[in-house]
Amino acid sequence: MVSKDGKSTGRASRRSFLAGAVGAAAVAGRVKADATRVSGTDAVLLAHGAALEKVDRDIAALHDRCAQIHRQVRDICVVPGTMRTLAAAADARTLASGDARVPARTLVVQAESALRRDPQALDPGLSLTAKLASIKAYRSEIEAAYRRAGYPKLEALHRKLAQAESDLVDAIHATPAESIAGLVVKLRCAERLGMWNAAD
C-alpha cells in the first residue's frame, strides 16, 4: 500500500504476509473440500466466496453475450452517411487496440456529442436539423434491433448480478476470519478489487 504522499507503508511486511497466505491456499482448499472442518464465520466466508465466484462467471458469460449482440446490431443496422466518417474513425481506434467495433449506441452518443460541440460537425453540407433527424432515425433502428435480440433483459440481469456482486463483497469485507481458510477468501476478494497487487 502507498500513502497519499507516495511513500511505502510497510510494503515488505505485507509482501511477506501475502506470500504466507498464498502458500496456505492449498490448506484452505483442503478445508473447503471438507466442510465439517469449517465452522463459524469461516463457513460463512467460504460460502460467500463460492457465491462470488459464481456471480463472476455469470457476469463474464453475460458480457460475452452482450458483445455478441453489439456485433449483430452493427451488422444489421447500417450506419447512416452522416455518421460514417465518425464511425470509421472510432472503429479504427478500437480495432487498432485489439477490441471490437464500437457499439452502435456508443456511436450515437458520440455523434450527438460532436454536434453539441460544433453544429457543423459530421457533415458540413447538411443542416443541423437534418443531421439530428438522421441520428434519431438510426437510434430508433438500433434500439429496435437491441429489443429483438433481448438486450433489455440482459441489461436487467446485469444490474441484478452487479448488485449481488456488491452485496457479497460487502459481506466478505464485514465478516471476520477465524482461520487461514477464511483469511484466504478475504485476501482473494481484496486482490480482486485491486486493494492488493503484486507490487505491494
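Reading the values: the criteria
- Residues numbered from 1 in each chain as written.
- Predicted model: local features only at pLDDT ≥ 70, side-chain atom pairs only at ≥ 80, totals over all residues.
- Heavy atoms only, no water.
- Helix = DSSP H or I, 4+ residues; strand = E, 2+ residues; numbered from the N terminus.
- Buried < 20%, exposed > 50% of the residue type's maximum accessible area, 1.4 Å probe, protein only.
- Polar contact = N/O pair within 3.5 Å; in protein donor to acceptor, adjacent residues only side chain to side chain.
- Contact = heavy atoms within 4.5 Å.
- pLDDT = per-residue confidence, 0-100.
- Core = buried A, V, L, I, M, F, W, Y, C linked by side-chain atoms within 4.5 Å.
- Phe/Tyr/Trp six-rings, centres within 6.5 Å; stacked < 30°, edge-to-face > 60°.
- Lys NZ or Arg CZ within 6 Å of the ring centre and 35° of its normal.

Participant: I tried to follow the side chain of Thr82 on my own but got confused; where do I start?
Facilitator: As for its position among the elements, Thr82 is in helix α4 (residues 81-96). Classification of Thr82 as buried rests on a relative accessible area of 7%. Looking at Thr82, its side chain comes within polar contact range of the side chain of Ser134, at 3.3 Å. Beyond its immediate chain neighbours, meaning those up to four positions away, Thr82 contacts Leu122, Leu126, Lys131 and Ser134.

Participant: Would you explain the confidence of the model for the protein in this entry?
Facilitator: Fine structural detail should not be taken from predicted coordinates in areas where pLDDT scores are low. On average, the protein scores 83 in pLDDT, and the residues at 70 or more come to 76%. In the model of the protein, helix α1 (residues 11-23) stands out as the element of lowest mean pLDDT, 43, in contrast to helix α6 (residues 128-148), which has the highest, 97. Predicted confidence is poor over residues 1-36, with pLDDT under 50, and the contacts of this stretch with residues over four places away or in other chains come to 36 contacts. Under a pLDDT of 50 for its full length, residues 196-200 has, in the predicted model, 12 contacts with residues more than four places off or in other chains.

Participant: Would you mind showing me how to read the nonpolar core here?
Facilitator: One broad rule of soluble globular proteins: the nonpolar side chains tend to lie buried together. Counting 36 residues, the largest nonpolar core has Val73, Met83, Leu107, Tyr138, Ile142 and Tyr146 as the members making the most contacts within it. Those elements that provide at least two residues to this core are α3 (40-76), α4, α5 (104-117), α6, α7 (151-174) and α8 (180-192). Here Leu107 is in contact with Arg74, Val79, Met83, Leu86, Ala87, Ala90 and Val102, once residues within four sequence places are set aside.

Participant: Sorry, what's going on with the packing of aromatic side chains here?
Facilitator: In this structure the tally under the stated criterion is one aromatic pair. Summarising the aromatic geometry, the rings of Tyr146 and Tyr151 are spaced 4.9 Å apart at their centres and angled 55° between planes, so their arrangement reads as tilted. For Tyr146, a relative accessible area of 0% puts it in the buried group. Exposure remark for Tyr151: the relative accessible area of 9% places this residue in the buried category. Sitting above the plane of the Tyr146 ring, Arg105 keeps its charged end 4.5 Å from the centroid.

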